[in-house]
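Understanding the architecture of this molecule
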Amino acid sequence: MKSFIKLAAIAIPLFANACVSDPKSHFMLSELDTKQQQDYAAAKVILLGEQHDNPAHHQIQAEIVERLGREGRLRAVVFEQIDWTEQGVLSQLKPSNMEDLPKKLDWDKSGWPSYEYYRPIVESAVKYNAKVVAGGLPKNRLKLLYSHGYEGAFTASEIERLRLRVPLDGEAVTLISKEIFDGHCKMIPEDHVAKMIPIQRARDAALLRGYQNEAALDGVTVFILGSGHARKEFGLPSLFRNTAPTIKLWSVGMQEAGAEPFPAGAYDKVWVTEKFERPDPCEEMKKHIDKDKKDGAAPTTPTAAPDAPATAPDQVKPDDAAAPEAPAADDASEEDAGE
């Protein structure tokens, strides 16, 4: 069951979408329009939202990071895929010990796609003396998040500093709810969607915490993260608006040809790539739900955000643990969303 949840989470893009006839697999500054070139040049924070298992998305990320390094602007790269407990390993990275990194991170057991997808990004960061930053929520914190709310994952001062109590507006709550529901093949109970929203928000806050604690502020910080985290309406940009409203931020969403387009304004730039062939995760999810029904078990749902491959530790189920301050439909103020 664990492998199914990870497959479903990797393979379903949050709000997966795009119907564009000219998919791209490389970053070319000349192909940006004037406004996008200006935003790229002025940005202090660049969010590169990926579909985790699509190699073309990682190719574009690597090319942007490499270009920023050549320009002398790159200062830090924050990875959703590496959790805070590994920051000590990352802080010791240098060209001579980079080959040992996947082993030290136990990457093969992490649930994320191959480290080879991310290797060129890490290598560029190290080559240009940019800090590599862990932005993932540790599994033990995620488990406590279920049982104790935000206080289980963050200290009181972090909750205040990350502005986790600031509510999303009604439109943002609607959008993130739809994204989670669609991302789980429209097969999960509506009350489970509400329970997942604060989990998403906490993952965004974890990324911001990594940035606040580790990133140098005199250049550009790039975030390597799932596309949902980069959504301007409710993702990491919403936390930046609350904590650093004047910072210049450029949000990129990557998706595959043939899907429904992202809503207008979801990103500053959308890259559409060729579709990556993969098994249909919705078929696997349906099999799992049908098995639960046959066994007479309470329905379980993937507890990770739709574009995140990691599941809650020990397969914690929403039915078995209190949702972290999951709001009622008319009480969105406690949720502050995220990935």
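I will try to describe carefully the structure that is included in this document. All residue numbers refer to position in the chain's written sequence, counted from 1. pLDDT decides what is reported in this predicted model: residues at 70 or higher carry local features, side-chain atom pairs at 80 or more are listed and counted, and totals for whole chains, interfaces and linings draw on all residues regardless. Hydrogens and waters are ignored; side-chain quantities use all the structure's heavy atoms.

Moving on: the overall build of the chain. For the chain, the helix and strand inventory stands at 13 helices and six strands. The 339 residues of the chain split such that 57% are buried. Contact definition: two residues touch when any of their heavy atoms are within 4.5 Å. A separation of at least 24 residues holds for 78% of the contacts in the chain among residues at least 6 apart in sequence. Using the Shrake-Rupley algorithm and a 1.4 Å probe, accessible areas are obtained, with residue cover drawn only from the displayed protein chains. As displayed, the chain offers around 14,200 Å² of accessible surface, 51% of which is attributable to carbon and sulfur atoms. Here a strand is any run of E in DSSP of at least two residues, a helix any run of H or I of at least four, and the numbering for each starts at the N terminus. For each residue, the accessible area found with a 1.4 Å probe, counting protein chains only, is set against the maximum for its type, and the residue is called buried under 20%, exposed over 50%, and partly exposed in between.

As summarised here, the arrangement of the six strands in space is β3-β2-β4-β1-β5-β6, forming an open sheet in which the pairing is parallel. Both outer strands of the open sheet, β3 (131-136) and β6 (269-273), are each paired with one neighbouring strand and no more. Direction aside, neighbouring strands of the sheet carry axes that sit 20° apart on average. Here the rule is simple: two strands pair whenever DSSP picks up at least two bridges between them. With six bridges joining them, strand β1 (residues 45-50) and strand β4 (residues 220-226) adopt parallel strand pairing. The partner of L47 across the bridge, within β4, is F223. The strands touched by helix α3 (residues 55-70) within the sheet are β1, β2 (74-83), β4, β5 (249-256) and β6, with β1 carrying the most contacts at an inclination of about 165°. The angle between two axes is taken between their N-to-C directions and runs from 0 to 180 degrees, where each axis is a line fitted to C-alpha atoms and a helix contributes only its stretch in contact.

By definition here, a salt bridge exists when the distance from a side-chain nitrogen of Lys or Arg to a carboxyl oxygen of Asp or Glu is within 4 Å. In total, this model carries 17 salt bridges according to the counting rule given. Here R73 ties to E71 by a salt bridge, and the two come within 3.2 Å at their closest N and O atoms. One connected set of salt bridges, linked through shared partners, spans D53, E256 and R278.

Here we come to helix α12 (residues 236-243). Here α12 has its buried residues at L236, P237, S238, L239 and F240. On the buried face of α12, the contacting elements are β1, α11 (190-214), β4 and β5.

Quick look at the environment of E179 now. In this structure, E179 sits in helix α10 (residues 170-183). Counting along the chain gives 14 residues from E179 to V193, while the straight-line C-alpha distance between them is 9.4 Å.

The subject of this paragraph is unusual backbone geometry. Even without being a glycine, R163 presents a positive backbone phi close to 60°. Mapping R163 onto the fold places it in the loop between α9 (156-161) and α10. The phi dihedral of C185 falls on the positive side, at around 65°, and the residue is not glycine. Mapping C185 onto the fold places it in the loop between α10 and α11.

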